[in-house]
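Residue-level structure breakdown
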Amino acid sequence: MFHKVLIANRGEIALRIHRACREMGIHTVAVHSTADANAMHVRLADESVCIGPPASKDSYLNMAAILSAATITGADAIHPGVGFLSENADFANMVREHGMTFIGPDPEHLRSMGDKVTAKQTMKDLGVPVVPGSDGAVTDDDEAWAIADRIGYPVLVKAAAGGGGRGMKVAHKREQMHDALNMARNEARNAFGSDAVYLEKYLGHPRHIEVQVVGDNHGNAVHLGERDCSLQRRHQKLLEEGPSPALTQEQRDWIGQRAVEATRGMGYRSVGTFEFLFEDGEFYFIEMNTRLQVEHPVTEAITGVDLVREQIRVAAGLPLGFRQDDVEFRGHAIECRINAEDPRTFAPSPGQVTNYHAPSGLAVRVDSGLYSGYRIPPFYDSLVAKLIVSGTTRAECLRRLNRALEEFVIEGISTTIPLHAELIHEPDFISGDYDIHWLQRYVDAKGG
Ligand code: MV4
């Protein structure tokens, strides 16, 4: 097992990784920007190194500074967390070349899944259902028209290097295809430095359902069920739950099986997430996330598996500590992402937290680096806390979530707590009847 892990991230996820390491007897090194000197994970880490000024590109994305910090502190592994360098194949390679372990998948899988066209083809070959569309990248209008005639309009043009919704354009009819292609290509070139695009049938009212998997170095792979992440706005998730209220047990088992077979089939060795759109009873693979995810605690709550611990173990070459048959799914869990934002306009609200009190009690978990007196810097993502609540049933989980939100005190800044408190009383949410567009419509209707 590793002796010392450098945590190349910040905020609640850095704290989450620190906790897993300490429970495993591993020493931790926090790296931080000058703006994060007072962060909780920096205070708790065994050692810390300042790696640069506030801007992410000069600190949390600064590969040379992070590798230097790992070298001088004698770390034998680097955990990249989420976002930042977590899916960067070049960084994973550099970590390896420095004689350390990247706690994540092989660079080969970071690269192949990072290219959405390759990812889709790989999954199709491994028996995973994909969205009907082009086989590979599309270059000219005639080719695009021919594919659209086959799959039918509306058609979505997507960037091969994309993800997160950038570089997507819908063509509702033949006349819109030329402009959609050009606009998607331009956006992709500007955002990702590659103008490769591909086509898919546009699904109008899907849910976003993702399946958690873990694979090891010994040919083992398991799935840990699904999370429903449909409640999002502008590609920012607000709340995630598991199991999905939209699936039958049969659908759940079937998609879990497809994901686990693909994980084993590609020799994937880490935690990973298969993202699907789910519409009219059918699953369609769209992307694979080759990292730990922000919403991983939902899965931990319903399975009892410590995902970060397993990720670290498999990165160290150890076999998975359990088999598929050992995984028991129990009850329901919901995660609320609490952002330092105005709950109506979503404008960032950084600043000093004058008073902080987190809820607790049975089946309530809070992952947060906040404390009274902490000053939230304005330079990063506004996620400041995750509230994860479980219950034996979804109804019980909702009642518990309601009381946990009532207990939560964060003063001095605005947060999205009031939005969550409102949302869980919406009849559509209570009945589980929502798709990926529901939250935007809800916010628009309130005049946010
Ligand atoms: C789609 C789609 C509809 N049809 N693909 C958005 C981000 C990227 N990861 C995939 N996305 C979508 N792909 C087809 N063929 C709708 C979306 C989409 C979306 C997907 C998941 C969660 C939220 C979303 C919000 C808007 C659009």
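A brief look at the structure comes next. (Residues numbered from 1 in each chain as written. Predicted model: local features only at pLDDT ≥ 70, side-chain atom pairs only at ≥ 80, totals over all residues. Heavy atoms only, no water.)

The subject of this paragraph is the overall build of the chain. From N to C terminus, the chain includes 15 helices and 20 strands. For 448 residues, the compact-globule estimate of 2.2 N^0.38 gives 22 Å, and the chain sits close to it at 22 Å. Projected onto its principal axes, the C-alpha coordinates of the chain cover approximately 60 × 50 × 45 Å. Considering the chain as a whole, with its 448 residues, one finds that 57% of them fall into the buried category. In the chain, the share of contacts with a sequence separation of at least 24, taken over all contacts with a separation of at least 6, comes to 65%. Surface exposure of the chain reaches about 17,800 Å², of which carbon and sulfur atoms provide 48%. Once the 46 positive and 61 negative side-chain charges of the chain are each reduced to a mean point, those two points are 3 Å apart. (Helix = DSSP H or I, 4+ residues; strand = E, 2+ residues; numbered from the N terminus. Rg over C-alpha atoms; globule rule 2.2 N^0.38 Å. Buried < 20%, exposed > 50% of the residue type's maximum accessible area, 1.4 Å probe, protein only. Contact = heavy atoms within 4.5 Å. Areas by Shrake-Rupley, 256 points an atom, 1.4 Å probe, with all protein chains shown as cover. Lys, Arg positive; Asp, Glu negative; His and termini not counted. Charge placed at Lys NZ, Arg CZ, Asp CG, Glu CD.)

This next bit is on the environment of Ile334. Position of Ile334 relative to the elements: it lies in strand β14 (residues 332-339). Sequence-wise, Ile334 and Gly373 are 39 residues apart; in three dimensions their C-alpha atoms are separated by 28 Å.

The interhelical angle for the contact between helix α7 (residues 141-151) and helix α8 (residues 177-192), taken along N-to-C directions, is 115°, at an axis separation of 10 Å. For the pair α7 and α8, the crossing hand works out as right-handed. Listed contacts from α8 to Asp141, Ala144, Trp145 and Ala148 of α7 are Met177, His178 and Leu181. (Axes fitted to C-alpha atoms, helices over the stretch in contact; angles between N-to-C directions. Left-handed = near helix turned anticlockwise from the far one by under 90°.)

With antiparallel pairing, three strands are arranged side by side in an open sheet as β7-β6-β8. Of all strands in the sheet, those with a lone pairing partner are β7 (169-171) and β8 (197-201), marking the two edges. When strand polarity is set aside, the average angle formed by the axes of neighbouring strands in this sheet is 30°. Sheet topology note: the strand β6 (residues 155-159)/β7 ladder contains three bridges and is antiparallel. Among the inter-strand pairings, Val157 is bridged to a residue of β7, identified as Lys169. Across the sheet, helix α6 (residues 116-125) lies against β6 and β8, angled at about 50° from β8, the strand it touches most. (Pairing = 2+ DSSP bridges.)

The buried count for strand β10 (residues 221-233) comes to 13 of 13 residues, which makes it a mostly enclosed element. Note that strand β9 (residues 207-215) and β10 share six bridges and pair antiparallel. Within β10, the residue paired with Val211 across the bridge is Glu226. Linking β9 to β10, which pair antiparallel, is a turn of five residues; within it Gly219 sits at a positive phi near 85°. One ladder, built from four bridges, connects β10 with strand β11 (residues 236-242); its direction is antiparallel. Counted as the bridge partner of Arg233 is Gln236 from β11.

This part is about the sheet that holds strand β1 (residues 4-7). Pairing is parallel across the open sheet formed by five strands, whose spatial order is β3-β2-β1-β4-β5. Unpaired on one side and paired on the other, β3 (47-52) and β5 (101-102) mark the two borders of the sheet. Alignment of β1 against strand β2 (residues 27-33), held across four bridges, turns out to be parallel. Following the sheet pairing, Ile7 is matched in β2 by Ala30.

On to the site of the ligand, then. Residues in close proximity to the ligand total 17 residues, the closest being Lys158, Glu200, Lys201, Leu203 and Glu287. Lys158 is positioned with one of its side-chain polar atoms (N or O) 2.9 Å from a nitrogen atom of the ligand. The separation between a nitrogen atom of the ligand and a polar side-chain atom of Glu287 is 2.9 Å. Burial of the ligand by the surrounding chains reaches 91%, relative to a free accessible area of 520 Å². Of all the secondary-structure elements, those providing two or more residues to the shell around the ligand are β6, β8 and β13 (282-289). A per-class count over the shell around the ligand returns eight nonpolar, five polar and four charged. (Near = heavy atom within 4 Å. Polar contact = N/O pair within 3.5 Å; in protein donor to acceptor, adjacent residues only side chain to side chain. Nonpolar A, V, L, I, M, F, W, Y, C, P; charged D, E, K, R; others polar.)

This paragraph deals with the pattern of salt bridges. Evaluated as defined, the whole model comprises 34 salt bridges. The salt bridge involving Asp195 is made with Arg189; its shortest N-O contact spans 3.3 Å. Owing to a relative accessible area of 39%, Arg189 belongs among the partly exposed residues under this scheme. Residues Glu328 and Arg330 are paired through a salt bridge, measuring 2.8 Å at the closest nitrogen-oxygen approach. We classify Glu328 as partly exposed; its relative accessible area is 47%. Put simply, Glu210, Arg227, Lys237, Glu240, Glu295 and Arg337 are held in one network by salt bridges that share partners. (Salt bridge = Lys/Arg side-chain N within 4 Å of Asp/Glu carboxyl O.)

Right, let's talk about the side chain of Arg207 for a bit. Along the chain, Arg207 falls in strand β9. Engagement of the side chain of Arg207 in a polar contact is seen with the side chain of Asp228, the distance being 2.8 Å. Looking at Arg207, its side chain comes within polar contact range of the main-chain oxygen of Gly432, at 2.8 Å.

The next point concerns the environment of Val131. Its place among the elements puts Val131 in the loop between α6 and α7. Residues contacting Val131, with those up to four places away along its chain left out, are Lys120, Glu200, Lys201, Tyr284, Phe285 and Ile286.

Let us look at the nonpolar core. If you look at the biggest cluster of nonpolar residues, it comprises 42 residues, and the most contacted ones within it are Leu387, Phe408 and Ile410. Sorting the residues of this core by element identifies β11, β14, β17 (364-368), β19 (383-391), α12 (394-407), α13 (417-423) and α15 (438-445) as the ones contributing at least two each. Broken down by element, this core gets its largest block of residues, five residues, from α12. When near neighbours in sequence (up to four residues on either side) are disregarded, Ile410 contacts Ile338, Val353, Asn355, Tyr356, Leu370, Thr415 and Ile417. Judged by nonpolar contacts, the second largest core, of 29 residues, contains Ile7, Ala14, Leu224 and Val294. (Core = buried A, V, L, I, M, F, W, Y, C linked by side-chain atoms within 4.5 Å.)

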